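# Report on the structure
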2 protein chains.
Amino acid sequence: MKTLRVPEATVTRLSIYSRFLERLDKNGISNVSSGEIAEGVGVSPAQVRKDLAYFGEFGTRGVGYNVQDLMRYTLKILGLNRHWSLVVVGAGNLGFALSTYHGFNIRNFNIVGVFDSDITKIGKRIGNLEVLSLDHFPQLVQEHDVHIGIIAVPPQGAQEVADLMIKSGLGAILNFAPVALNVPDKTEVRNVDLSVKLEILTFNLALRSAQSL
Amino acid sequence: MKTLRVPEATVTRLSIYSRFLERLDKNGISNVSSGEIAEGVGVSPAQVRKDLAYFGEFGTRGVGYNVQDLMRYTLKILGLNRHWSLVVVGAGNLGFALSTYHGFNIRNFNIVGVFDSDITKIGKRIGNLEVLSLDHFPQLVQEHDVHIGIIAVPPQGAQEVADLMIKSGLGAILNFAPVALNVPDKTEVRNVDLSVKLEILTFNLALRSAQSL
DNA sequence: GACTGTGAAGCCATTCACAGCT
DNA sequence: AGCTGTGAATGGCTTCACAGTC
């Protein structure tokens, strides 16, 4: 088997390209060059071409790329030629925001369950869902063929939730809790750490004011 | 002047180390080795030492690092030896969640203003803040000496908000809108793109099921 | 003996530059 | 002439391996 080794940064940009292409398509633009994509998303043209080259030849020399075709290819590569059901654990403010985040729907993601261990939150309505006790977690995951879970609980509870997710058969976790999760190799985990991003900003601001002394 | 060129990945990890060290400190642990830090946050021991080496020598050979000292150093490096006032633009679900996110307070970040252009949201209470019209934006930024703004509006409005932030004197932006912002070089921007992270997961899940055919 | 600090090596991602096609 | 596709060159981050210190 040809083992496709693609840099994660490339996958990240592919996701961004695909959204940009959707925008072009919606605006009725049918052809685009690597330079225009680069301009639109803030990378170099060579980078765009190299990224796409990992997956095939999608363009026409001298002309560029067909927007609709390339859009479909990128979506397919990202696995977005199907629906994905998601579950969210944690019905606090962040969990609520994620459960109702419109950006997910647009990209074919569907939240099918929201869970919390806090008895005061169970039964609460979020959109057309009801917050459930974690007792129902494994069953709902099975019924809806869920593969991805989102963790939006405080750090102390995150590992326990991850364990439950893995035991219930999820293959991928998006973790918003600021802790390193311990999971088997086969489980894909990506962290979104809100404070870290802010601290990159403060680092740079602090550096800058130190330099101007 | 010695120009300190530090990889962004190093800054990211520094932020993670510092939080881990806070946890150790809270648990009364006073000494730690690079191996223990590595274990705790999921990187290699050499990486930990290399990262710290960008900023000085903080350990004792044969012994390790003093937790409290190293914690303070890392916080200082990240610019967290002071308070930072933040403003959030966008009082939708995401803006609301960010405005009330406890993780920010813990790290010395303080949300001092939440704004929206939607007249139905203005006046709404979020914690002890009131959602304000953008008319008040420049004034509040000045009064509270704000340097960092968070964008939590739909993609169409993001660039306009960024322009206002820059005109009002902010030096750094954390952008949750899934678009590339156009800003002058001096303005620091970092993007948090929720869909992108999910799509890295679907990419890997799709890849995996393709490989097992 | 244990663990840090660091030059060197290795590895990976990005950029360059140009051949190839329309 | 214009733009893609790609091998080669570059640059940057991570890992290695060991000298230095307690």
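For the structure itself, consult the block above.
Below you will find a few notes about this structure. (Residues numbered from 1 in each chain as written. Chains lettered and ligands numbered in written order. Predicted model: local features only at pLDDT ≥ 70, side-chain atom pairs only at ≥ 80, totals over all residues. Heavy atoms only, no water.)

## Focus: the interface of chain A and chain B
Taken together, the contact between chain A and chain B spans 63 residues of the former and 63 residues of the latter. When the two sides are added together, the surface that chain A and chain B hide from each other amounts to roughly 5400 Å², 70% of it contributed by carbon and sulfur. It is A:Leu198, A:Glu199 and A:Phe203 that lose the most area in chain A upon contact with chain B, and together they represent 12% of the buried surface on that side. The interface formed by chain A and chain B contains 6 salt bridges. For A:Asp193, the salt bridge is made with B:Arg19, and the minimal N-O distance between the two is 2.3 Å. Summed over the shared surface of chain A and chain B, the number is 17 residue pairs in polar contact (both at pLDDT 80 or more). Elements with a minimum of two residues in the side of chain A that touches chain B: helix H1 (8-26), helix H2 (34-41), strand S4 (84-89), helix H5 (93-99), helix H6 (102-106), strand S9 (172-175), strand S10 (188-191) and helix H9 (194-211) of chain A. Top element by residues in the side of chain A that touches chain B is H9(A). It accounts for 16 residues. Residues that form the side of chain A that touches chain B fall into these classes: 38 nonpolar, 14 polar and 11 charged. (Contact = heavy atoms within 4.5 Å. Buried area = accessible area lost by both parts, 1.4 Å probe. Salt bridge = Lys/Arg side-chain N within 4 Å of Asp/Glu carboxyl O. Polar contact = N/O pair within 3.5 Å; in protein donor to acceptor, adjacent residues only side chain to side chain. Helix = DSSP H or I, 4+ residues; strand = E, 2+ residues; numbered from the N terminus. Nonpolar A, V, L, I, M, F, W, Y, C, P; charged D, E, K, R; others polar.)

## As for the protein's contact with DNA strand C
Around DNA strand C, the surrounding shell holds 22 residues, and the nearest of these are A:Arg13, B:Ser34, B:Arg49, B:Arg61 and B:Gly62. Here a phosphate oxygen of DNA strand C sits 2.6 Å away from a polar atom, N or O, in the main chain of B:Ser34. Between DNA strand C and B:Gly62, the relevant distance is 2.9 Å, taken from a base oxygen to a main-chain nitrogen or oxygen of the residue. By residue number, the principal contributor to the surface near DNA strand C is helix H3 (residues 45-53) of chain A, which donates 3 residues. (Near = heavy atom within 4 Å.)

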